[in-house]
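Structural overview
Read off the chains here:
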Amino acid sequence: MKSIIQNTNNCNNCSVHNAANLVKLGLNLDDVDYVITMAGNPNTGKSTVFNNLTGLRQHTGNWPGKTVTRAEGGFSYNEKRYKVIDLPGTYSLLSTSTDEEVARNFILFGQPDVTVIVVDATRLERNLNLALQILEITDRAVLCLNLMDEAKRNRIEIDTRALSKELGIPVIPTAARRKQGMQELLAAIEEVATGKYVCKPHKIKNRSPKLQHAISTLAEKLARQYPNLPNTNWVALRLLEGDNSIIEAIRSGELGSININESVVQS
């Protein structure tokens, strides 16, 4: 798979994950180059993709202070070591349930090097709701277009190049149960993790002028207080909606621990 955009920065292999926050979340980052997380709706085959990537090198436990199960594993690719975290299957990141809160907070505060968004190719429109929410938080993602065998059986055709262009991230068609597309997925993960592929994700723009003005005003204040916060517009929107976990992150100072890794070119 060829890179669409080449990173001209001298640092070709820099990780961007927030090690301090990931350790707080109970991760052991010894001998880890990159942290990858997997997100998606339930029943998209996400666990099958996770199993294909990690094989027997995985274990389960609970998230700190939660009853939600966490699966994590690892793999090596091109002499780099990857830790993979399988997030709970969710339909959104609005933090209305414990599963959603765990998934959202891991992506927001852990800042994984790549978020692999697994979607069901036979129900793409419904699955893209979560994908767009994730792309509001992170600029580093790969869309795993899974169950392509089922889509083909149902005579569903998807223009993956057009979808990649619209979303601004790599889109990799897979049939995880048959282990098809896994090598292409690994290559895409590596390109995003190393900065060889610079994502330019789609951002939601169809907001009312009043709401956009409120978001912009609050985002400017957030940028002054947290100059390294990479997603001020999204945080501002969540504050306007009364998101208690984001409000608490400001009170505790946790929001200030989110930084842009300036060694990696961001769009």
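Refer to the structure above for everything that follows.
Residues numbered from 1 in each chain as written. Predicted model: local features only at pLDDT ≥ 70, side-chain atom pairs only at ≥ 80, totals over all residues. Heavy atoms only, no water.

**Quick notes on the side chain of Thr 194**
With respect to the element layout, Thr 194 can be found in helix H7 (residues 182–194). A distance of 2.8 Å separates a polar atom in the side chain of Thr 194 from the backbone oxygen of Glu 190. Here the side chain of Thr 194 touches Glu 191 through a polar contact of 3.5 Å, landing on its backbone oxygen. (Helix = DSSP H or I, 4+ residues; strand = E, 2+ residues; numbered from the N terminus. Polar contact = N/O pair within 3.5 Å; in protein donor to acceptor, adjacent residues only side chain to side chain.)

**Considering the pattern of salt bridges**
All told, the structure shown has 13 salt bridges when counted by the stated rule. With its nearest N and O atoms 3.6 Å apart, the salt bridge here joins Asp 31 to Arg 81. Placement of Asp 31 in the loop between helix H1 (19–24) and strand E1 (34–40) and of Arg 81 in strand E4 (residues 80–86) is noted, with a sequence separation of 50 residues between them. Looking at Arg 81, the relative accessible area reads 37%, which means it is partly exposed. Put simply, Arg 104 and Asp 243 hold a salt bridge, and the shortest N to O gap is 2.9 Å. Placement of the pair is Arg 104 in helix H3 (residues 98–110) and Asp 243 in the loop between helix H9 (232–240) and helix H10 (244–252), with a sequence separation of 139 residues. Residues Arg 104 and Asp 243 agree in their burial class; the two are buried. What you see here is one network of salt bridges that share partners, running through Asp 149, Glu 150, Arg 153, Arg 177 and Arg 178. (Salt bridge = Lys/Arg side-chain N within 4 Å of Asp/Glu carboxyl O. Buried < 20%, exposed > 50% of the residue type's maximum accessible area, 1.4 Å probe, protein only.)

**A short note on the environment of Ala 219**
Tracing the backbone through its elements, the reader meets Ala 219 in helix H8 (residues 209–225). For the pair formed by Ala 219 and Trp 234, sequence separation is 15 residues and the distance between their alpha carbons is 8.4 Å.

**What to know about the packing of aromatic side chains**
Scanning the entire structure with this criterion turns up three aromatic pairs. Seen in terms of ring centroids, Tyr 34 and Tyr 82 are 5.3 Å apart; in terms of plane orientation they differ by 35 degrees. Their pairing is tilted. On the criterion of sequence distance, the pair formed by Tyr 34 in strand E1 and Tyr 82 in strand E4 is long-range, its members being 48 residues apart. Each member of the pair, Tyr 34 as well as Tyr 82, carries the same accessibility label: buried. Taken together, the ring pairs connect Tyr 34, Phe 75 and Tyr 82 into an aromatic cluster. The ring of Trp 63 carries the charged tip of Arg 70 above its face, separated from the ring centre by 4.9 Å. (Phe/Tyr/Trp six-rings, centres within 6.5 Å; stacked < 30°, edge-to-face > 60°. Lys NZ or Arg CZ within 6 Å of the ring centre and 35° of its normal.)

**Section: the pairing of E1**
A large share of E1 lies buried, amounting to seven of its seven residues. Of the two faces of E1, the one carrying Tyr 34, Ile 36, Met 38 and Gly 40 and the one carrying Val 35, Thr 37 and Ala 39 are both buried. Sheet analysis places E1 next to E4, joined by five bridges and oriented parallel. Within the sheet, the bridge partner assigned to Val 35 lies in E4 and is Lys 83. As judged from the five bridges shared by E1 and strand E5 (residues 114–120), these two strands associate in the parallel manner. Bridge pairing in E5 places Gly 40 opposite Val 118. (Pairing = 2+ DSSP bridges.)

**Re the sheet that holds E1**
Pairing is mixed across the open sheet formed by seven strands, whose spatial order is E2-E3-E4-E1-E5-E6-E7. Looking along the sheet, the strands with just one partner apiece sit at the ends: strand E2 (58–62) and strand E7 (171–173). Ignoring which end each strand starts from, the neighbouring axes of this sheet average 25 degrees apart. As judged from the seven bridges shared by strand E3 (residues 69–77) and E4, these two strands associate in the antiparallel manner. Opposite Ser 76, over in E4, you have Arg 81 as the bridge partner. Packing against the sheet, helix H6 (residues 160–167) makes contact with strand E6 (141–146) and E7, and its axis sits at approximately 150 degrees to E7. (Axes fitted to C-alpha atoms, helices over the stretch in contact; angles between N-to-C directions. Contact = heavy atoms within 4.5 Å.)

Purely geometric numbers; function is a separate question.
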